[in-house]
Amino acid sequence: MTTPETAPETPHATAPGPAHASPAEPEPEPAPVAASEAAPEAAPVTASEAVPSVTAYDVRRTLPLRVEAVRQFRRRRTLVAFGILLVLPWVLVVAFKAGGDPGTGGVPGLVDVATSSALNFALFALFVSTGFLLVVAVALFCGDTVASEAGWSSLRYLLAAPVPRGRLLRQKLIVALSYAVVAVVSLPLMSLLAGTVAFGWADVELPTGGTVPVSTALGRMAIIVGYALVSQLVVAALAFLLSVTTDSPLGAVGGAVGLVIVSNILDAVTALGSWRDFLPTHWMYAWMDALQPEITWTGMVKGAAVSTAYAAVLFALAFRRFRGRDIVS
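Residues numbered from 1 in each chain as written. Predicted model: local features only at pLDDT ≥ 70, side-chain atom pairs only at ≥ 80, totals over all residues. Heavy atoms only, no water.

1. Things to note about the pattern of salt bridges
Next up, step 1: Counting across every chain of the model gives four salt bridges.
Next up, step 2: For E68, the salt bridge identified is with K172, shortest N-O distance 2.9 Å. One end of the pair, E68, is in helix α2 (residues 65-73); the other, K172, is in helix α8 (residues 165-199), with 104 residues separating them in the sequence.
Next up, step 3: Overall, K172 belongs to the buried group, its relative accessible area being 1%.
Next up, step 4: The salt bridge partner of R75 is D144, with a shortest N-O separation of 3.3 Å. Residue R75 is found in the loop between α2 and α3 (76-99), and its partner D144 is found in the loop between α5 (133-143) and α6 (147-151); the two are separated by 69 residues along the sequence.
Next up, step 5: D144 gets classed as buried once you look at its relative accessible area, which sits at 9%.
Next up, step 6: Residues joined in a network through salt bridges with shared partners are E68, R71 and K172. (Salt bridge = Lys/Arg side-chain N within 4 Å of Asp/Glu carboxyl O. Helix = DSSP H or I, 4+ residues; strand = E, 2+ residues; numbered from the N terminus. Buried < 20%, exposed > 50% of the residue type's maximum accessible area, 1.4 Å probe, protein only.)

2. A short note on the packing of aromatic side chains
Next up, step 1: Applying the stated criterion across every chain yields a total of 12 aromatic pairs.
Next up, step 2: Pairing F82 with F141 gives two aromatic rings, centres 5.5 Å apart and planes at 40 degrees, and the pair type is tilted. Of this pair, F82 sits in helix α3 while F141 sits in helix α5; the two residues are 59 residues apart in sequence, bridging distant segments of the chain. Summarising the burial analysis for this pair, F82 and F141 share the class buried.
Next up, step 3: Look at F96 and F124: their rings are 5.5 Å apart centre to centre, the planes differ by 65 degrees, and that puts the pair in the edge-to-face class. Of the two residues, F96 sits in helix α3 while F124 sits in helix α4 (residues 118-130), which places them 28 residues apart along the sequence. The burial state of F96 is the same as that of F124; both residues are buried.
Next up, step 4: Linked through ring pairs, F96, F121, F124 and F199 together constitute an aromatic cluster. (Phe/Tyr/Trp six-rings, centres within 6.5 Å; stacked < 30°, edge-to-face > 60°.)

The following block contains the structure:
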């Protein structure tokens, strides 16, 4: 008996596709970045870097003395005043040369010995200028400084700069007094130069007789000029007070000069007796005591005390008046 043949096994059909396909592998995740390797953060911006640098307001930088000095020097009244003071000694030299030697009649005075030496000539020039010319020069510098700004309508713009009122007044006063000092000192200095050229250099001859050596006379000349400066303080203070009160420079200057004229008139009234000692111009010529063989200090001490006392009160009133004043011009 035969066994039936079995049919050959046929392979099972497989789905078409790549042979031995493997499942897809996941993509690798990026490695974490350390904090130190991260992008740097932007630095914080400070206020000074965000806003352009601006100079901070500083009261001490407002209206510098140099600026005020240049402004005052460029004014015509300054040049005219210095021109007169510097030309006057040469005018006096021409007068003495044209008229000859001064006479010796009457009470001896500085004019009698004015041509003896350069120092004598300088003393005479100071003597004839103390009562009026120097008064006008000092009143001009101190009386015009604030009133002219008000008259030109520039004072309120200076205060809006902003310049504090106290500083504005102080800077102007310093410059005005400085020019006044230069004015008073320039006259005897130019007189010494003119006198040296015209009359030579020698000892000082005193009007009452005797001589003072040059070495001693120079020291006394410094004392005389210093006292002349102190005696003009009351004129400067009154002119400055009027300058902060009025808008007219001429009124401020004229008021200070008028004070000197009235004081000189009252000083001539002998009936006032000891009350004349309190007049601001009574001791204006006390520096003549330095032309004695021995200096007498009593008159100069009294005159300096009266002048500084008046000046202190008037300067204080000027500052007080200006701080409460309505600036409308």
